[in-house]
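Observations on chain architecture
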Amino acid sequence: MEWEVVIGLEIHAQLATKSKIFSGASTAYGAPPNTQACAIDLGMPGVLPVLNAEAVRMAAKFGIAIGATVAERSVFARKNYFYPDLPKGYQISQYELPIVRQGEIEIELENEQSKIIGVTRAHLEEDAGKSLHEGLAGVTGIDLNRAGTPLLEIVSEPDMRSAKEAVAYMKKIHSLVRYLGICDGNMQEGSFRCDANVSIRPRGSNEFGTRTETKNLNSFRFVERAINHEIERQIDVLEGGGSVVQETRLYDANSDETRPMRSKEEANDYRYFPDPDLLPVVIDTTFIETVREDLPELPDEKKHRFMIHHGLSAYDAGVLTTSRELADYYETVVLSSGGHAKLAANWVMGDFSAFLNKENKNISESPVSAEMLGALLARIEDNTISGKIAKEVFEAMWNGEGDADTVIEARGLKQITDVSAIEGIVDDIIAANPTQVEQYRGGKDKLFGFFVGQAMKITQGKANPQQLNEVLKRKLSE
């Protein structure tokens, strides 16, 4: 039987507020266990939560960016369950009346096609604490520093039909929340993670199959691998005559498999009811319009502008607008180079990104500023150096030897652009290689590369390539 995959993602984005969603405790990462959990986070008797207005503003910002409805009235509810890292015995979330409803995200597919993925809702909630097992023989430790950290849970429609589509969607959301400045997107620290709902059905069927939910996937690679494993597992179960069990599963990256965690709860298992300690959140159109005016240029808008204004291909523009930092760096390079947009794109996506990846650095940690790279490209364009020598100059700049002009001067790398000097060099090469000259003139055109190589060897790569080729062609045809 031919099967169709149905995938929906629930993405948890930690909002970049300085304090928690219902208390004044810090959200900073890396503090010793239980040093950033106040009485409200601990669920002590008699304490009352107070909503963080910045979290509301950030949620509205996201809703506007995806073309969703930002609710003028939303309600917090208690989601009741018992777990060691949930001190109150319930999580404050939103259920029937979330703050964001019905938006959409456009993703790019590998065949240069695009697809619209619906966003059912995005709601505010508090994070739970964390169970610790490492270094604790026979016991479980509880760290409540994360308890009360503000989250925006972004729930997609079941519109994705492959693991690659799911990854493309997750990457698009990741890029968007970082552009908006509402989440740092740090997946290693747990600031951005997702649960994947996967089911399969016979191709052509309109009925959904039984779904499983794989929890807490914190890398794009793990999302793809976990979904693909779950697809294969469910197909094996069904083709073996069994039934898929609705359950929550965990992904084990070491064994590259998912395994059962617990039976999947339904909404009524959580006994949702409006939180009596929190009033409904009421925001007016003025608030929403103020947030709208504060939106930055979004990834899709920036990509379109790069294609029109800078003449880039859809692929190049897409890569360069992946993050706000990369896009800003690129535009500064273009400006500093004198407007050489395509050359700047090649260098930013090529050598610059390669050096960042090699040393695992962020753009903010780059020893070569955008202005420095732009100045280097200007030296290629004015024929001070060749593109090949520019790579040597860039590496020296990266290693702290100064800006482009300093390196070029210190290493004596200026291009030879004096035509008479190049002619003299070519005359010497022709005189020293009569056999090759005769063969070239006899029709062996491939020997032209030999003469170019000889000239570059003599000039240590400093001869202007265009002028050298012109002189060689003229002299060899005489």
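The preceding data block contains the structure.
Below is a summary of the structure that appears in this document.

About the criteria used
- Residues numbered from 1 in each chain as written.
- Predicted model: local features only at pLDDT ≥ 70, side-chain atom pairs only at ≥ 80, totals over all residues.
- Heavy atoms only, no water.
- 1 Å grid on protein atoms, 1.4 Å probe; cavity = no way out; pocket = protein on both sides within 12 Å on 5 of 7 lines; lining within 4 Å.
- Points joined across faces, edges and corners; volume = space filled by probe spheres on them.
- Helix = DSSP H or I, 4+ residues; strand = E, 2+ residues; numbered from the N terminus.
- Nonpolar A, V, L, I, M, F, W, Y, C, P; charged D, E, K, R; others polar.
- Phe/Tyr/Trp six-rings, centres within 6.5 Å; stacked < 30°, edge-to-face > 60°.
- Buried < 20%, exposed > 50% of the residue type's maximum accessible area, 1.4 Å probe, protein only.
- Lys NZ or Arg CZ within 6 Å of the ring centre and 35° of its normal.
- Arc of directions from axis to C-beta.
- Contact = heavy atoms within 4.5 Å.
- Pairing = 2+ DSSP bridges.
- Right-handed = clockwise from strand over helix to strand, strands pointing away.
- Polar contact = N/O pair within 3.5 Å; in protein donor to acceptor, adjacent residues only side chain to side chain.
- Core = buried A, V, L, I, M, F, W, Y, C linked by side-chain atoms within 4.5 Å.
- Axes fitted to C-alpha atoms, helices over the stretch in contact; angles between N-to-C directions.
- Parallel < 35°, antiparallel > 145°, perpendicular 65-115°, else oblique.
- Left-handed = near helix turned anticlockwise from the far one by under 90°.
- Salt bridge = Lys/Arg side-chain N within 4 Å of Asp/Glu carboxyl O.
- Lys, Arg positive; Asp, Glu negative; His and termini not counted.

**A word on the layout of surface pockets**
In this structure, the second largest pocket spans a volume of roughly 2,300 Å³. Of all elements in the fold, only β6 (100-108), α2 (163-180), α3 (220-239), α5 (299-309), α6 (314-320), α7 (324-337) and α8 (341-359) reach the threshold of two or more residues within the lining of the second largest pocket. A total of 9 residues in the lining of the second largest pocket trace back to one element, the largest contributor, which is α2. The residue inventory of the lining of the second largest pocket, partitioned by class, reads 15 nonpolar, 17 polar and 15 charged.

**Some points on the packing of aromatic side chains**
A full pass over the atoms with the stated rule returns 15 aromatic pairs. Judged by centre distance (6.0 Å) and plane angle (70 degrees), the rings of Tyr-270 and Tyr-272 are edge-to-face. Using a relative accessible area of 22% as the deciding quantity, one classes Tyr-272 as partly exposed. Between Phe-306 and Tyr-330, the ring centres sit 5.3 Å apart and the planes meet at 50 degrees, which makes this aromatic pair tilted. Taken together, the residues span a long stretch of sequence, with Phe-306 in helix α5 and Tyr-330 in helix α7 at a distance of 24 residues. Since its relative accessible area comes to 0%, Phe-306 is described here as buried. Above the plane of the ring of Trp-347 lies Lys-391, whose end atom (NZ or CZ) is 5.3 Å from the centre.

**Quick notes on α5**
Taken residue by residue, α5 has Pro-299, Lys-302, Lys-303 and Phe-306 as its buried positions. Each buried residue of α5 sits inside an arc of 100 degrees when the element is viewed along its axis, so together they form one side. Facing away from the buried side of α5, by more than 90 degrees, are the exposed residues His-304, Ile-308 and His-309. Against the buried residues of α5 lie β6, α2, α6 and α7. Phi turns positive, to about 70 degrees, at Gly-311, one or two residues after α5.

**Let's talk about the pairing of strand β13 (residues 247-252)**
A large share of β13 lies buried, amounting to 5 of its 6 residues. Alignment of strand β12 (residues 212-217) against β13, held across 3 bridges, turns out to be parallel. In the strand pairing of β13, Lys-215 is matched with Leu-250. The β-α-β motif built from β12, the intervening α3 and the parallel element β13 has left-handed crossover chirality.

**Some remarks on the side chain of Ser-191**
Positionally, Ser-191 belongs in the loop between α2 and β11 (192-202). On the accessibility criterion, Ser-191 (4% relative accessible area) is buried. At 3.2 Å, the side chain of Ser-191 forms a polar contact with the side chain of Asp-184. The residues contacting Ser-191, other than those within four sequence positions of it, are His-12, Ala-13, Gln-14, Cys-183, Asp-184, Gly-185 and Asn-186.

**Things to note about the nonpolar core**
Core analysis: the biggest nonpolar cluster contains 64 residues, and Leu-9, Phe-62, Leu-124, Tyr-169 and Ile-227 have the highest contact counts within it. Top contributing element to this core by residue count: α2, with 9 residues. One finds Tyr-329, Val-334, Ala-344 and Leu-376 within the second-largest nonpolar core, a separate group that totals 38 residues.

**So, the packing of α5 against α7**
Closest axis-to-axis distance for the α5/α7 pair is 12 Å, and the angle between their directions is 25 degrees. The pairing of α5 with α7 is recorded here as roughly parallel in orientation. For α5 against α7, the interelement crossing comes out left-handed. On the side of α5, the interface is formed by Lys-302, Arg-305 and Phe-306, while α7 contributes Ala-327, Asp-328, Tyr-330 and Glu-331. Among the residues forming the contact of α5 with α7, the class breakdown is 3 nonpolar, no polar and 4 charged.

**Quick word on the pattern of salt bridges**
The full count for this structure, using the stated rule, is 37 salt bridges. The salt bridge involving Arg-292 is made with Glu-289; its shortest N-O contact spans 3.2 Å. Here Glu-289 and Arg-292 lie together in helix α4 (residues 285-293), a separation of 3 residues that amounts to about one turn. Taken together, the shared-partner salt bridges connect Glu-54, Arg-57, Lys-61 and Asp-294 into one network.

**Structural notes on empty space enclosed by the protein**
Taken as a whole, this structure holds 1 cavity of 30 Å³ or more when the rule is applied. Size it by volume and the largest cavity reaches roughly 50 Å³. Broken down by class, the residue content of the lining of the largest cavity amounts to 4 nonpolar, 1 polar and 5 charged.

**Considerations on the side chain of Lys-79**
If you trace the backbone, Lys-79 turns up in strand β4 (residues 76-80). Although Lys-79 is buried, it makes no salt bridge; Glu-125 carries the closest opposite charge, 5.4 Å away. Excluding its chain neighbours within four sequence positions, the residues that come into contact with Lys-79 are Tyr-90, Gln-91, Tyr-270 and Tyr-272.

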